[in-house]
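What follows is each chain in one-letter form.
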Amino acid sequence: MFEIKDLKASIEEKDILNGLSLTIKPGEIHAIMGPNGSGKSTLAKVISGHPDFEDPEGDIKLDGKDILDLEPDERANEGVFLAFQYPVDIPGVNNSEFLRMAYNAKQKYQNQPEIDPFDFESLIKEKLTVLNMKEAFLSRPVNHGFSGGEKKRNEILQMLMLDPRVVILDETDSGLDIDSLKQVSDAINHFKSENKMILIITHYQRLLNHIVPDTVHIMADGKITKSGDKSLALTLEDQGYDAFKDNQS
Amino acid sequence: MSLKEFSDIANKEYEYGFKTDIKTELIEKGLNEDIVRKISAKNNEPDFILEFRLKAYKHWLTMEEPDWALLDYPEIDYQALHYYAAPEKPKEKLKSMDDVDPELKRTFEKLGIPLNEQKKLANVAVDAIFDSVSVATTYKEKLMKHGVIFCPFSEAVEKYPELIKKYMGSVVPHTDNYFAALNSAVFTEGSFVYIPKDTICPMELSTYFRINAEQTGQFERTLIICEENSYVSYLEGCTAPKFDTNQLHAAIVELVALDNAEIKYSTVQNWYAGDPKTGKGGIYNFVTKRGKCLGKKSKISWTQIETGSAITWKYPSCMLIGDDSIGEFFSVALTNHHQQADTGTKMVHIGKNTKSTIVSKGISVGKSVNTYRGKVQMNKSAKESENFTQCDSMLIGDECSANTFPYIDVRNASSNLGHEAATVKVSEEQLFYCQQRGISLEDALTTIVNGFCADVFKELPTEFAVEATQLLSLKLENTVG
């Protein structure tokens, strides 16, 4: 179970999150939709511990364990994964080395031995097939010189490799063409299982045609203003955010 | 935890800061003609060396210490230093490694340079130099079978005076600069390498320099000669104990490559950098390194990983005299705490169709100052020549600084030059990205810096590339958080 309770966060004395609460049960997919500036991306950053947001208030619990005071790497190793809206370049660092380092960091955190290089290679090849990606991808530097679509796919590759419990997809659909969107969605559906918890942050309903959420939340002014089933996303697409502005549930 | 807190730089202990307790034979402090004669006498040198020294000393007296580098340090009192320090040794000559003082052997073992026949590094021949003398050279006989000479400089003076006469000072004359003149007057030890015609040196050659005695200068000379169609890869490593006072290191390295010969010269410099908090102590490193590509299609390649010293003043250069010759300079200079480095290269194109490549990566952390200074000169005779320069700086934290001074002087119309430069700051976003993948802040920083240096690391001999990566991560420890 992933629980966010009364989460408040600010940056440079400006309040961005104003008491947001959300609970995702194992096996569930939730989607958060909302206009620009509603605080969606801030939510993703605060969950993963971005240093821009100092001392957020409230609770974030994963299976009952409070993770809000943990360092970003500790949260990641507890099983929280953020697929970045804008993945960051790391010139000179080879993609597969980076992945192996991340993989082994988690192994170490769990007091497990480092993965055998051959096992790692077969694991990564298996995941590449899921995403229909070429092996050449692995020897390129992390996100450096990648197209927008390649960066997003790389995020999903990392997700598959690190096998987290909680996944936040921050506008993973933006910058993807139709074919890539399908591949990425297929990979996420492949990943989804009884014990995974997925939070999709998006502007558009189109991703939700491929990945069907159990619950859709509408976010405005730093909190959730309405929640419903997947039909809410369709209504939203039809009527726009304005229709939900003063309609707090 | 964030980059904003970079100023909180912890004191990672300098791993090699121990001092070896050994009886040291010193020549009294100070510098004058008498001292120069004494140094020469200690080495039982032939007259031509003494004459060379005295000439250099007299010239040095007429010179002034250069002040154009972006370095700030108190005036050096050249009379307050010892110019000769050597571990006391038995009167008789050492016959084998077993005769080496066990304390010295332990010292080098601690530094990761075992000298015992059984334990010595595989496929790397080492000349171990302790203060002013060479302690031991491994694999000498094996190399001799290939005609390769690898021995202490003093031994070369004794055994191969003709080669020394011909080449010593031919690349870096004693008049070249203040520190070169000083070295030429008082040099003690160093390594000598001679690769005969048509010979690929069968193993890596390496010299390990250790300064042990306090208030001492180390002034070694290295001379490497590669005859036609030959190849050698050579590496030097350096460490020194921690002292509150500064130690002076003013070395000369001369390389000569004849037709089709190639010399690959790599340095991993980790001299004591001074106290992290106060900046007290540390090595003042003033080094003149130059190679002459005398022959057609000859090649000289410098790779340096500079992480130590309080002050670094160093410009490994290439004189591209032979037609179609190639000069390369690959450098990573990392400065932390109060370190200051002014380093770069000089590529002088003289022959036709000569090529040079410069890749410099400067990383500044803490309160350090890191300067790249480089010159590319293409003479009128250097038709159709090419240079490519890339000098990048990386800043970590906001109290350090990086400077770049590229000088370009082209005197013909058929040559080509390319210059790229970039300054990057390790961003919070990069660090956060790594952390979000479970990688700790410290490992993230090391990873990003290593990535920044990847173009240079790949030039190092494999045996040392790993060492360089580890050294860098050691140097970066506790710089974040």
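Look a little higher up for the structure.
Bear in mind the structure is a predicted one, so any value in this text is a computation, not a measurement.

Peer 1: In this structure, what is going on with the sheet that holds strand β2 (residues 14-24) of chain A? I would like to understand it.
Peer 2: Two orientations exist for strands paired in a sheet by backbone hydrogen bonds: parallel and antiparallel. All names here are of chain A. Across the sheet, which stays open at both edges, the four strands sit in the order β2-β1-β4-β5 with antiparallel pairing between neighbours. Of all the strands in the sheet, just β2 and β5 (65-66) have a single pairing partner and so form its edges. As paired strands, strand β4 (residues 57-62) and β5 are joined by two bridges and run antiparallel to one another. Counterpart to Leu62 in the pairing with β5 is Lys65. Those strands touched by helix α1 (residues 40-48) are β1 (2-11), β2 and β4, and its axis lies near 110° from that of β1.

Peer 1: Help me understand helix α3 (residues 95-109) of chain A in this model?
Peer 2: Working note: α-helix, 3.6 residues per turn, so residues spaced by three or four point in the same direction. With 15 residues, α3 of chain A should cover 21 Å at 1.5 Å per step; its first-to-last C-alpha distance of 21 Å lies within 8% of that length. For α3 of chain A, the secondary structure elements touched by its buried residues are α2 (72-78), β7 (90-94), α4 (117-131), β8 (141-142) and α5 (148-162) of chain A together with α8 (428-436) of chain B. Two or three places before Ser96 of chain A, at the opening of α3 of chain A, Asn94 of chain A has a side-chain oxygen 2.8 Å from that residue's backbone nitrogen.

Peer 1: What am I meant to see in a nonpolar patch on the surface here?
Peer 2: There is a patch of nonpolar side chains on the surface, built from Ile408, Val410 and Leu417 of chain B and spanning about 230 Å² of accessible area. Look at Leu417 of chain B and you get partly exposed, because its relative accessible area is 32%.

Peer 1: I keep staring at a negative patch on the surface and nothing clicks. Help me out?
Peer 2: Judged by side-chain charge, Asp6, Glu54, Asp55, Glu57, Asp66 and Asp69 of chain A come together as a negatively charged surface patch. Position of Asp55 of chain A relative to the elements: it lies in the loop between α1 and β4.

Peer 1: What is the right way to look at the environment of Ser139 of chain A in this model?
Peer 2: All names here are of chain A. Secondary-structure assignment places Ser139 in the loop between α4 and β8. The class for Ser139 is exposed, based on a relative accessible area of 53%. Here the alpha-carbon distance between Ser139 and Asn94, two residues 45 residues apart in the chain, equals 5.5 Å.

Peer 1: Help me understand the packing of α5 of chain A against helix α6 (residues 178-191) of chain A in this model?
Peer 2: A packed helix pair is summarised by two numbers, namely the angle formed by the two axes and the spacing between the axes. Residues and elements named next belong to chain A. Relative orientation of the contacting elements α5 and α6 amounts to 15°, with a least axis distance of 10 Å. Considering the angle they form, α5 stands roughly parallel to α6. Classified by chirality, the crossing of α6 by α5 is left-handed. Judged by residue contacts, Arg153, Ile156, Met159 and Leu160 of α5 engage Ser180, Gln183, Val184, Ala187, Ile188 and Phe191 from α6. Its residues assigned to classes, the contact of α5 with α6 comprises seven nonpolar, two polar and one charged.

Peer 1: Looking at this structure, I do not really get the pairing of strand β11 (residues 215-220) of chain A. What am I missing?
Peer 2: Looking down a regular strand, the side chains alternate between one sheet face and the other. Residue and element names in this part refer to chain A. Counting buried residues along β11, six of its six residues qualify, which places the element largely inside the surrounding structure. Residues of β11 alternate between two faces, with Thr215, His217 and Met219 on one and Val216, Ile218 and Ala220 on the opposite face, all of them buried. Sheet analysis places strand β3 (residues 29-33) next to β11, joined by four bridges and oriented parallel. Within β11, the position partnered with Ala31 by the bridge is Val216. Judged from the five bridges that link them, β11 and strand β12 (residues 223-228) form a sheet pairing that is antiparallel. Note that in β12 the partner of Ala220 across the bridge is Lys223. The turn joining β11 and β12, which pair antiparallel and follow one another in sequence, is formed by two residues; a positive phi near 50° is taken by Asp221.

Peer 1: Quick question: what am I supposed to make of the pattern of salt bridges here?
Peer 2: Two side chains that carry opposite charge are able to pair once their charged atoms sit near each other. All names here are of chain B. Taken as a whole and assessed by the stated rule, the structure comprises 25 salt bridges over all chains. Between Glu28 and Lys38 there is a salt bridge; the shortest N-O distance is 2.5 Å. Note that Glu28 is positioned in the loop between β1 (24-26) and α1 (33-42) and Lys38 in helix α1, a separation of ten residues in sequence. For Glu28, a relative accessible area of 41% gives the class partly exposed. Salt-bridge contacts for Glu236 lead to Lys289; the nearest nitrogen and oxygen are separated by 2.4 Å. One end of the pair, Glu236, is in strand β10 (residues 231-239); the other, Lys289, is in strand β14 (residues 282-293), and 53 residues separate them in sequence. One network of salt bridges, with partners in common, ties together Glu28, Asp34 and Lys38.

Peer 1: Sorry, what's going on with the interface of chain B and chain A here?
Peer 2: When the parts of a complex come together, some accessible area is lost, and that lost area is often taken as the interface size. Counting residues at the interface gives 20 residues for chain B and 32 residues for chain A. For the pair chain B and chain A, the summed buried surface comes to about 2,200 Å²; carbon and sulfur atoms form 63% of the total. Together, Phe432, Tyr433 and Arg437 of chain B form the three largest contributors to the area buried by chain B at its contact with chain A, with a combined 35%. Across the contact surface, chain B and chain A share one salt bridge. A salt bridge links Arg437 of chain B to Glu155 of chain A, with the nearest nitrogen and oxygen atoms 2.5 Å apart. Inspection of the region where chain B meets chain A yields twelve residue pairs in polar contact (both at pLDDT 80 or more). Secondary structure elements with two or more residues in the side of chain B that touches chain A: α8 and α9 (441-457) of chain B.

Scoring rules and cut-offs
Along each chain, residue indices are assigned from 1 in the same order as the chain's sequence is written. To read the labels, note that chains go from A and ligands from 1, taken in the order they are written. Only residues with pLDDT of at least 70 are given local features in this predicted model, and only at 80 or more are side-chain atom pairs given and counted; all residues enter the totals for whole chains, interfaces and linings. Excluding hydrogens and water, the side-chain figures rest on all heavy atoms present in the structure. Any two strands are treated as partners once DSSP identifies two or more bridges connecting them. Starting at the N terminus, helices and strands are each numbered in turn, a helix being any DSSP run of H or I of at least four residues and a strand any DSSP run of E of at least two. Contacts between residues were defined by any pair of non-hydrogen atoms, one from each residue, lying within 4.5 Å. Think of each axis as a best-fit line through the C-alpha atoms, taken over the contacting stretch in the case of a helix, with angles from 0 to 180 degrees between the N-to-C directions. By this rule, a helix spans an expected 1.5 Å times one less than how many residues it contains. Polar contact criterion, stated in full: a pair of N or O atoms within 3.5 Å, where within protein one must be able to donate a hydrogen and the other to accept it, and residues adjacent in sequence count only if both atoms are side-chain atoms. To count toward a patch, a residue needs a relative accessible area over 30% and no salt bridge; like charges are then connected within 9 Å, while nonpolar side chains (Val, Leu, Ile, Met, Phe, Trp, Tyr) are connected within 5 Å. Where accessible areas are quoted, they stem from the Shrake-Rupley method and a 1.4 Å probe; at the residue level, only the protein chains shown are allowed to cover. Any carboxyl oxygen of Asp or Glu that lies within 4 Å of a side-chain nitrogen of Lys or Arg is treated as forming a salt bridge with it. Burial classes follow relative accessibility: with a 1.4 Å probe on protein chains only, a residue under 20% of its type's maximum area counts as buried, one over 50% as exposed, and anything between as partly exposed. Counted as positive: Lys and Arg. Counted as negative: Asp and Glu. His and the chain ends are not counted at all. Taken as the charge centre is NZ of Lys, CZ of Arg, CG of Asp or CD of Glu, depending on the residue. Angle categories are assigned with fixed cut-offs, so that under 35 degrees is roughly parallel, over 145 is roughly antiparallel, 65 to 115 is roughly perpendicular, and the rest are oblique. Crossings are sorted by hand: turned counterclockwise from the far helix by less than a right angle, the near helix makes the crossing left-handed, and turned clockwise it makes it right-handed. Gly is placed with the polar residues, together with every amino acid not listed as nonpolar (Ala, Val, Leu, Ile, Met, Phe, Trp, Tyr, Cys and Pro) or charged (Asp, Glu, Lys and Arg). What counts as buried area is the accessible surface, traced by a 1.4 Å probe, that two parts surrender upon association, with contributions from both included.

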